[in-house]
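Residue-level structure breakdown
One letter stands for each residue in the lines below.
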Amino acid sequence: MKLRTTYPGFTEAVNSFFDTLIPIIKPLQFKEGGPIIAVQVENEYGSYAKDEHYMPFIKEALLSRGTNELLLTSDNREGLKCGGVDGVLKTVNLQRLAYGTIQYLAYMQPQKPLLVMEYWSGWFDVWSESHHVFPAEDMLAVVSQILEPGVSINLYMFHGGTSFGFMNGAVANLGTYKPQVGSYDYDAPLSEAGDYTTKYQLLRNLFSQFHSEKLPEVPSLQARRVYEPVIIQQHLSLWESLQFTEKPLKSEEPVNMENLPVNSNNGQSYGYTLYETTIRRGGLLNSKKNVKDRALVFVDRHFVGVLDYKSVEFALPDGKGERTLSLLVENCGRVNYGKALDDQRKGLVGDIVLNHVPLKDFTIYCLDMKPNFLKRLSAASQWNSVPQKPSFPGFFQGMLYVDGHPRDTFIRLPGWSKGVVFINGQNLGRHWSIGPQKTLYLPGPWLKSGNNQTETQSPRHGGESVAEVLRAHGVKFVFTLVGGHISPILVACEKLGIRIVDTRHEATAVFAADAVARLSGTVGVAAVTAGPGLTNTVTAVKNAQMAESPLLLLGGAAATLLQGRGALQDIDQMSLFKPLCKFCASVRSVKDIAITVRKALAIAQSGTPGPVFIEFPIDTLYPFHLVSKEFGVKNPPKGIMGKVVTWYLHNHLKNLFAGAWETRDVSPLPVHIPQATDNQVQKCIELVSRAKKPVILLGSQATLPPTPTDDIRAALESLGIPCFLGGMSRGMLGRNSPLHIRQNRSDALKEADLVLLAGTVCDFRLSYGRVLNRRSRIIAVNRDKTQLLKNSDMFWKPTVAIQGDAGSFLLRLSKGLKGHTCPEDWPQCLKAGDVTKEKANRRKADEKTDRHLNPLSVLHRVDELMADDSIIVADGGDFVGSAAYIMRPRGPLRWLDPGAFGTLGVGGGFALGAKLCRPESEVWIIYGDGSLGYSVAEFDTFTRHKTPVIALVGNDACWSQIAREQVPILGSNVACGLAFTDYHIVADGYGGKGTLIGREDEDKLDGIIKEAQKETRQGRATLLNVLIGKTNFRDGSISV
Ligand SMILES: Cc1ncc(C[n+]2csc(CCOP(=O)(O)OP(=O)(O)O)c2C)c(N)n1
C-alpha cells in the first residue's frame, strides 16, 4: 500500500469509500438545505506531499460525486507550499501568531478570504511527558488578534475528547516515536467530559462582542456519578487466554501484525501479538530495533524484561534445557502525521537475535482484543477468583454497580501499572501509571442502563436465585447442616424439588456431595452456615481438591454491611478457602447470584475438576423488607452525620437489591475439558503399536465425564493391554477380567517396555516415580499439568506428556490401534503371578488368629456374598487396606476411598451420597473401629433419610495401622489403643440394626451377612461389629 498517492490500491479504496460516504452527505449540504457549508479535500497534505497527482484526484473524486460546497485545504505554514490544489481555498493551522503566517497565507493566495482552519486551543499529550497546557489568556490574545482584522477562525479543539480503544495516534519526529495518550482532553474550551473551562468563558465573552444579540444561557452540565469502587473478582492469565485466540501461526521467521493470516487474511491492525519460540541457552537478546512498539519478554512465562525503542538489548538468564521465550508485542498507536505514515508495520518487523543468532520457529498468537475474542473470553470457565499473587499479564474482571440511569464517570486505577480497560466488552482505552493521563473518562452510555430498579416490595429472596440455577443444572441433592445464614437457600431448593439432606456434621455434608460428584459425573453441592459451619468442612474440601472432585460449597457469611465489624461468626472465609478451591466468590449483590453460581459450577467441572466456594452474606439471601428492617437506620444521629449515615445505608441497600429480580439466564455455561492433540495421539499410537510389554496404570481421572465408563472399558478390552486400576477406576474391568492385574505391580513395571499413566500420578502411590523403569517408554496423560509432571524432574521422564482427558485419550488410542492387540502371553504371564499371590493370600485368610476372627476371612466372605451392584466405601487403616486387596468391585464407580489426601472420616458421608445416587445398590462401608468414630452419628442420618447402608466394622480395639509401626519402632502403644466398644448398640440407638460378631459366630458368618443384607433391603441401616484378631498381612505397607 502507498497511502495518500494515486497508487491504484489506494485510489480504489478511496473510490469505494466515497461511493458510500458522499451519497450520505450530499443531501446534507447547505445548498440542499443541510448544515454542511464547506468540505475539506485533505488534511495537512503539505507535510506528506508524495504525489503531485494525488490532490487533484481527491478533488475530482469529491466533485464528480456531487459535492458542491466550498472546498478547502488546511496546512501549517510549512505545508502551505505544497498542500493545496488549484481552485480550492487554502487555509492555515496555528497556535501563536508568529512568523507572519497569516500574511504569508494572504501572499500565497491574494484576494481570497483568510481562514485559520485549525486554531490549536491547546495540544495533545504523549505518554511519559507532562500534560500540555496553553494558558487561557494567551489563547484569548491570539484569537482576538485573528478576529480583529476580519480573519475567520475554526477552533481545533473546541471540545476535548477521547480517542477510545486503540485509536490514539502517535508522533514520529526525527526518528523518535511517541504514542499519544487515549484522552484527547487537549486543554480545550470544553473539557473531555463537556465541562466549561475558563477558556470557554473567555471565548464566550469575546465572541459576544462580534454578535449583536444577547447570547443564550449555557446549557446545564451533564450529571456525573461517583460510583462505589469496583472490586476485582476474577482473574484469567494471559497464557490461559491463548486458547480463545484465532489459531496460532507457526512460522520460521517472525511475521508482523499486518501480515498475519487472521481476520479473514486481512491481518491484525491493533492490540498485541505474542511471539513464542524455544531457546536452549541464555545470553544477549537484541531486538535489532525490530520491536514495534513495545515488548514484554518472558522466559518460561516469567517476566524478564522490556524491549522498545529505547531499550533494545538485555541479558537473558541462563537455564537448563529447552525454555520458552515469549515476546508480547504491543502496537502502542499508529503515527497520524508526517512522512512516517508508510512505515507503520507493527509487532516483530524483522529478526530478533540471541547472541547474534536470529531466533526462528515462532508460534504467533494474535491478541487484537476484538469483540469476538472478548466475548469468548468472558464466557470462559477458566476465570478464577483473584489469587494472592495473580500472574501478569492477565485479564481481571470486576463489577461496577450502576443503580438508576447510568451517568458519566471517570475511572482511576491506583496501583495498576499498564493495561487496557474494557467496559461491557468495549475497549475504553489504555492506562499507564507513567502518566500524564491519570483517569479514563467513561461516558454513561457505555454502562448498562438495564433496569437495575430496586423493588422494595418484592417478597423474593436470593435463596430462590440459587435454587433456580441449581435446578437448571440438574442438581438433585443439597447436603447441609442447617444455620440461619443459609436457611433461604435450603427452603427455596426444597420448594423446587431439590432434596435437602441434613447431616450430623458439616464434613459429612461435604463428603456426601463429593460422593455424588464422583458417582453422577456432575457437581455435588453442600450448603453450610457461616463461620464454624464452614471451618468444619475444611478437611472434606481439601480432600475433594486432592481427589479432583467437582464440588460446590455454598456458605453463609456476615452481612455485607457488617463484615469486619464484629458480627456473629464473621471471619475471613475467603482467605480460608482460596487455597482449597479453584474459584471463590463472595456475592455482593443479589442480581449477581445467578451468574456467580453458573460460573462456579462450570469452573468446578472444567480443566482439572475440583471444589469451588461461594459465600452469601446474609443480606443477599433474605427479602428486601427484612433486610431493610434489620440494617436500615432506626434512630439516625442528628445533624450532618445522621444524614450521611442514612444516605450511606439507603444507598447500600439499593445497590444490594438493584436489578435483583430481572430475568436472568440460569442455564449451564460451557465446560472446558483439555484434550490431547491429534499429533500427540498419533505419536502414542506408534509407541503402543511397537510395544511388546505395555502396561496401563489407570487412575481416578479416567472415570471423569465426558466418556462413559462402559466405553472406556470397551477401549481397554480392545487394546488388550494389562491394567492396574487405582482410585475410582477400580472395578473398571469388572470382577474377573484377564487384563486386570492386581498383584506384583512393581515387578510388572520393571519388565514393561511401555507404561501408560492414564490419570495416574507419580506421587507416594508410585514411590514418586521411582518404580518406573528408566528404559520403559512412558506416556503420561493428566488434565492437570502439575500432576502430569510430578517428580519428572527427579525420578522419571515421560516420553510423551499430554495435558488432557485420560478417558477421551484412551478412546482415541484404541480407535487408532483398531485391529492391533497386545501380545497375549504378556497379560497371561502377569495374571499367572496374580493367581499364585492370591492363593498365598487365601491361605493367610484360613489361618486362625490368636483370638477373635481372621479379618481376611471375614472380608473374603463379604466379597463373595455382596450383591453385584454393590458400592464399597473405604474408611480406615489396616482393615480397609486388606479389603482393598481382597474385595473386588464389580464394575466402575463401585469403589470410593478418600484418595490422595487419605483422611479418615469419609465413611458416613460417602455412603450417604452413594446410596442417594444409587438407591437400588447395596452400599457397604468398610470401617476401621477408629475411623467409625468420626461418622457413626450418621446412622441417625441414614435412618431419618431412609438411606439404608451396611457398615462392616473391623473392631480390633486399636488404631492398628499406626500401632503396627509405632510399637516396634518407638516401643510404645500410647494413644493407639481403643476398646472393644459395642458399636452395634450405638447403631441401634440411632434407629439402625447392629450385630456383634465374634469367634463363636465363625460358622454362622454367611447367615449373619445375608441377614444384614435383607435388613438393609427392608430399609434399615445395619452395622456389623466384627471383633477381629491380628494378622501379619499388612506388614511392610505404608502406614504414616
Ligand atoms: C483425619 C485423620 N487422622 C489421623 C490419620 C492417621 N491414621 C491413618 S490410619 C490410622 C488408623 C486407623 O485406625 P482404624 O480406623 O481403627 O483402622 P485399623 O488401622 O485399625 O484397621 C490413623 C489414625 C488419618 N489418616 N486421618
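Here the structure is a predicted model, which is why all the values come from computation and not from measurement.

1. With respect to the sheet that holds strand β38 (residues 754-758)
An order of β37-β36-β38-β39-β40 is seen for the five strands of this open sheet, with the pairing classed as parallel. The strands lining the two open edges of the sheet, one partner per strand, are β37 (723-725) and β40 (800-803). The sheet shows a mean angle of 10 degrees between the axes of neighbouring strands, direction not considered. Against the sheet, helix α18 (residues 678-690) touches β38, β39 (777-782) and β40, its axis set at about 140 degrees to β40.

2. Looking at the pairing of strand β12 (residues 272-279)
The buried count for β12 comes to seven of eight residues, which makes it a mostly enclosed element. Sheet analysis places β12 next to strand β18 (residues 323-330), joined by eight bridges and oriented antiparallel. Across the sheet, residue L274 finds its bridge partner in β18, namely L328. Where β12 lies against strand β23 (residues 362-367), five bridges are found, and the strand directions are antiparallel. Among the inter-strand pairings, T273 is bridged to a residue of β23, identified as C366.

3. Quick notes on the nonpolar core
Within the largest apolar cluster, 52 residues are counted, with the highest numbers of intra-cluster contacts made by F479, L553, F577 and L896. Considering every element that reaches this core, the biggest residue donor is helix α11 (residues 506-520), with nine residues. Look past the residues within four positions of L896 in its chain and what remains in contact with it is A515, R518, L519, M728, I871, I872, V873, A874, F910 and A914. A691, I721, L725 and L766 belong to the second largest nonpolar core, which has 51 residues in total.

4. Quick notes on the UniProt feature "domain: Thiamine pyrophosphate enzyme central" (unreviewed entry) in the protein chain
Cross-referencing UniProt, the feature "domain: Thiamine pyrophosphate enzyme central" (unreviewed entry) maps to residues 681-812 in the present numbering. Taken end to end, residues 681-812 is 30% helix and 17% strand, and its first and last C-alpha atoms sit 7 Å apart.

5. What about the site of the ligand?
Around the ligand sit 18 residues in total, of which D878, F879, D929, G930 and S931 are the nearest. One nitrogen or oxygen atom from the main chain of F879 is found 2.8 Å from an oxygen atom belonging to the ligand. The side chain of D929 places a nitrogen or oxygen atom 2.8 Å from an oxygen atom of the ligand. Protein coverage of the free-state accessible area of the ligand, which is 590 Å², stands at 79%. Breaking the shell around the ligand down by element, the ones donating at least two residues are α25 (878-886), α27 (929-935) and α29 (960-970). If one sorts the elements of the shell around the ligand by residue count, α27 sits on top with four residues. Taken together, the residues of the shell around the ligand break down into six nonpolar, nine polar and three charged.

6. Things to note about the pattern of salt bridges
Following the criterion strictly, the structure yields 39 salt bridges and no others. Residue K199 is joined to D187 by a salt bridge in which the shortest nitrogen-to-oxygen separation is 2.9 Å. Taken as a pair, K199 in helix α6 (residues 198-208) and D187 in the loop between β9 (183-184) and α6 lie far apart in primary sequence, 12 residues in all. For the pair K199 and D187, a shared accessibility class is recorded, and that class is buried. With a shortest N-O distance of 2.7 Å, R334 and E258 are connected by a salt bridge. Placement of the pair is R334 in strand β19 (residues 334-335) and E258 in the loop between β11 (249-251) and β12, with a sequence separation of 76 residues. Taking the relative accessible area as the measure of exposure, R334 reaches 17% and is therefore buried. Three or more residues are tied together by salt bridges with common partners; here these are R735, D863, E864, D868 and R890.

7. Side note on the packing of aromatic side chains
One pass over the structure, following the stated rule, counts 30 aromatic pairs. Look at Y156 and Y186: their rings are 5.6 Å apart centre to centre, the planes differ by 90 degrees, and that puts the pair in the edge-to-face class. With Y156 in strand β5 (residues 152-156) and Y186 in the loop between β9 and α6, the pair connects residues that are 30 residues apart, well separated along the chain. Residue Y156 is classed as partly exposed on the basis of its relative accessible area, which comes to 28%. Taken together, a centroid distance of 5.1 Å and an interplanar angle of 85 degrees make the contact between W239 and F298 edge-to-face. Of this pair, W239 sits in helix α7 (residues 238-241) while F298 is found in strand β15 (residues 294-299), placing the two residues 59 residues apart along the sequence. The two residues W239 and F298 agree in class, both being buried. The ring of Y104 is capped by R77, whose NZ or CZ atom sits 4.3 Å from the centre of that ring. If you follow R334 out to its NZ or CZ, it ends over the ring of Y270, 5.4 Å from the centre.

The rules behind these values
Residues numbered from 1 in each chain as written. Predicted model: local features only at pLDDT ≥ 70, side-chain atom pairs only at ≥ 80, totals over all residues. Heavy atoms only, no water. Pairing = 2+ DSSP bridges. Helix = DSSP H or I, 4+ residues; strand = E, 2+ residues; numbered from the N terminus. Axes fitted to C-alpha atoms, helices over the stretch in contact; angles between N-to-C directions. Contact = heavy atoms within 4.5 Å. Buried < 20%, exposed > 50% of the residue type's maximum accessible area, 1.4 Å probe, protein only. Core = buried A, V, L, I, M, F, W, Y, C linked by side-chain atoms within 4.5 Å. UniProt positions renumbered as here; feature names shortened; annotations may be inferred. Near = heavy atom within 4 Å. Polar contact = N/O pair within 3.5 Å; in protein donor to acceptor, adjacent residues only side chain to side chain. Areas by Shrake-Rupley, 256 points an atom, 1.4 Å probe, with all protein chains shown as cover. Nonpolar A, V, L, I, M, F, W, Y, C, P; charged D, E, K, R; others polar. Salt bridge = Lys/Arg side-chain N within 4 Å of Asp/Glu carboxyl O. Phe/Tyr/Trp six-rings, centres within 6.5 Å; stacked < 30°, edge-to-face > 60°. Lys NZ or Arg CZ within 6 Å of the ring centre and 35° of its normal.

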